[in-house]
Amino acid sequence: MSYELIWEPRGVLKRFFGPVTDADVTASIAQTHGDERFDSLRYIINNYLDATECSVSPASVDEIVAIEHAASISNARIRIALVAAAADCLELADQYAGSPLKTYPTRIFSSLDEARTWLDA
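Residues numbered from 1 in each chain as written. Predicted model: local features only at pLDDT ≥ 70, side-chain atom pairs only at ≥ 80, totals over all residues. Heavy atoms only, no water.

Chemist: Just to check I follow, could you spell out the sheet that holds strand β2 (residues 11–21) for this structure?
Modeler: Hydrogen bonds along the backbone pair up the strands of a sheet, which may run parallel or antiparallel. With mixed pairing, the five strands of this open sheet are ordered in space as β1-β2-β3-β4-β5. In this open sheet, the two strands that pair with only one neighbour each are β1 (3–7) and β5 (106–109). Recorded for the sheet is a direction-independent mean angle of 15 degrees between the axes of neighbouring strands. Against the sheet, helix α3 (residues 87–97) engages β3 (43–55), β4 (79–83) and β5, with an angle of about 140 degrees to β3. (Pairing = 2+ DSSP bridges. Helix = DSSP H or I, 4+ residues; strand = E, 2+ residues; numbered from the N terminus. Axes fitted to C-alpha atoms, helices over the stretch in contact; angles between N-to-C directions. Contact = heavy atoms within 4.5 Å.)

Chemist: What should I look at first to understand the packing of aromatic side chains in this one?
Modeler: A ring pair, where both rings are aromatic, is described by two values, the distance of the centres and the angle of the planes. Counting across every chain of the model gives three aromatic pairs. Here the aromatic rings of F16 and Y48 are separated by 4.5 Å at their centres, their planes lie at 5 degrees, and the arrangement is stacked. With F16 in strand β2 and Y48 in strand β3, the pair connects residues that are 32 residues apart, well separated along the chain. By relative accessible area, F16 is classed as buried at 0%. Ring plane angle 40 degrees and centroid distance 5.6 Å describe the contact between F109 and W118, whose orientation is recorded as tilted. Each residue in the set Y3, F16 and Y48 is aromatic and connected to the rest through ring pairs, giving one cluster. When the ring centre of W7 is taken as reference, the NZ or CZ atom of R37 above it lies at 4.1 Å. If you follow R79 out to its NZ or CZ, it ends over the ring of W118, 4.7 Å from the centre. (Phe/Tyr/Trp six-rings, centres within 6.5 Å; stacked < 30°, edge-to-face > 60°. Buried < 20%, exposed > 50% of the residue type's maximum accessible area, 1.4 Å probe, protein only. Lys NZ or Arg CZ within 6 Å of the ring centre and 35° of its normal.)

These figures capture arrangement, not role.
Structure follows, in structure tokens:
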């Protein structure tokens, strides 16, 4: 497992570290959506700054978008911030943020401070 969930009063910070795989991202989503706090979330920050590698397939990103779309029926008020610097993690973020099936407002940032500023606005 190459991630940890840090629950905050209005959201959750997912910190990914080391080599990140399809299974890590999917497990983090299942853990977040399965938590009783999911329906009251207002934001999710996916922080990939400590990831050494993001090897998530395009097919998995499409599946993630579909899962998030279904989850929006339960909670449509979430905004998603993706924080990444490495090229492979930015590619993952770009594919997710650019999906025409994406439901949640999503932005990509290079720092946690920028992400939090957007979420607080």
